[in-house]
Amino acid sequence: MNRLPVESLDLVLPRTSDSPRRETAYEQHLAERAGLLTDALHAAVPALDDAPSPRRAVLKLRRCIHNGRPAQPPEDVMTGLRATLGGPAGLALTDWLDGMRDLSSLRTRTDALYEEETRRPARACGTSCPSRSSPRDSRRQAPIRLTT
């Protein structure tokens, strides 16, 4: 049976390892503001009963904020909504949308860094391990196991 010590693979991900902490900080920041925003949006919905399209956009935005998902409401809806919410709630909405955009960018960057940093150990494993598609008789090859 093929056995590789875990130490033979460089599994340290120095550029990726900080990203989950930063993502968690963003998520906590956004979650702290979500309650104020969802309450303010809930209060704004009855004023939009005569405008079904903006009403649907505000309800969708409220659900996105509640669930911590990215949202991109139309600019005309945002302009009217900022005016309706006013003051601290309008600023909190802008802050939340900017923060969610930053979090989405960070997640994309984390994924790219992870892919880049895990290619190196995969290549190292590829040079240390016989390929499953090698011309050798792969039916008799034992599975590769990592040991600690």
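All of the points below concern the structure found in this document.

Here is what the cut-offs are and how they apply
Residues numbered from 1 in each chain as written. Predicted model: local features only at pLDDT ≥ 70, side-chain atom pairs only at ≥ 80, totals over all residues. Heavy atoms only, no water. Helix = DSSP H or I, 4+ residues; strand = E, 2+ residues; numbered from the N terminus. Buried < 20%, exposed > 50% of the residue type's maximum accessible area, 1.4 Å probe, protein only. Contact = heavy atoms within 4.5 Å. Areas by Shrake-Rupley, 256 points an atom, 1.4 Å probe, with all protein chains shown as cover. Axes fitted to C-alpha atoms, helices over the stretch in contact; angles between N-to-C directions. Parallel < 35°, antiparallel > 145°, perpendicular 65-115°, else oblique. Nonpolar A, V, L, I, M, F, W, Y, C, P; charged D, E, K, R; others polar. Core = buried A, V, L, I, M, F, W, Y, C linked by side-chain atoms within 4.5 Å. Expected span 1.5 Å × (residues − 1). Salt bridge = Lys/Arg side-chain N within 4 Å of Asp/Glu carboxyl O. Polar contact = N/O pair within 3.5 Å; in protein donor to acceptor, adjacent residues only side chain to side chain.

**Quick word on the overall build of the protein chain**
Okay, step 1: Along its length, the protein chain carries four helices and two strands.
Okay, step 2: Helices and strands appear in the protein chain in the N-to-C order β-α-α-α-α-β.
Okay, step 3: A buried classification covers 29% of the 148 residues belonging to the protein chain.
Okay, step 4: Taking as baseline every contact in the protein chain between residues at least 6 positions apart, the subset at least 24 positions apart corresponds to 70%.
Okay, step 5: Carbon together with sulfur atoms contributes 53% to the accessible area of the protein chain, which is approximately 9800 Å² in total.

**Brief notes about the packing of helix H2 (residues 52-67) against helix H3 (residues 75-85)**
Okay, step 1: Closest axis-to-axis distance for the H2/H3 pair is 10 Å, and the angle between their directions is 80°. It follows from the interaxial angle that H2 and H3 lie roughly perpendicular. Here Pro54, Ala57, Val58 and Leu61 of H2 come into contact with H3, specifically with Val77, Met78 and Leu81.
Okay, step 2: Classifying every residue of the contact of H2 with H3 gives seven nonpolar, no polar and no charged.

**Quick look at the nonpolar core**
Okay, step 1: Residues Leu61, Ile65, Leu81, Leu85 and Leu93 are the most contacted members of the largest nonpolar core, which totals 25 residues.
Okay, step 2: Looking at this core, the elements that each hand over two or more residues are helix H1 (19-44), H2, H3 and helix H4 (87-128).
Okay, step 3: With near-sequence residues (within four places) excluded, Leu61 lies in contact with Leu41, Ala71, Pro73, Met78, Leu81, Leu93 and Leu97.

**A word on the environment of Gly86**
Okay, step 1: Tracing the sequence through the fold places Gly86 in the loop between H3 and H4.
Okay, step 2: Sequence separation between Gly86 and Ala40 is 46 residues; the distance between their C-alpha atoms is 9.9 Å.

**Description of H2**
Okay, step 1: Taking 1.5 Å of rise per residue, 16 residues should cover 22 Å, and H2 covers 22 Å from first to last C-alpha, within 8% of that figure.
Okay, step 2: Gly68 sits one or two residues past H2 and shows a positive phi near 70°.

**A short note on the pattern of salt bridges**
Okay, step 1: Tallying each qualifying case throughout the model produces seven salt bridges.
Okay, step 2: Among the ionic pairs, Arg21 bridges to Asp18, the shortest N-O distance being 3.5 Å.
Okay, step 3: As a salt-bridge pair, Glu32 and Arg33 come within 3.3 Å of each other at their nearest N and O atoms.
Okay, step 4: On the basis of relative accessible area, Arg33 is assigned to the partly exposed category, the value being 27%.
Okay, step 5: The network of salt bridges with shared partners includes Glu32, Arg33 and Asp95.

**Description of the side chain of Thr16**
Okay, step 1: Residue placement: Thr16 occurs in the loop between strand S1 (2-5) and H1.
Okay, step 2: Engagement of the side chain of Thr16 in a polar contact is seen with the backbone nitrogen of Tyr114, the distance being 3.5 Å.
Okay, step 3: A polar side-chain atom of Thr16 sits 2.4 Å from a polar atom in the side chain of Glu117.
Okay, step 4: Discounting residues that sit within four places of it in the chain, Thr16 has contacts with Thr110, Leu113, Tyr114 and Glu117.

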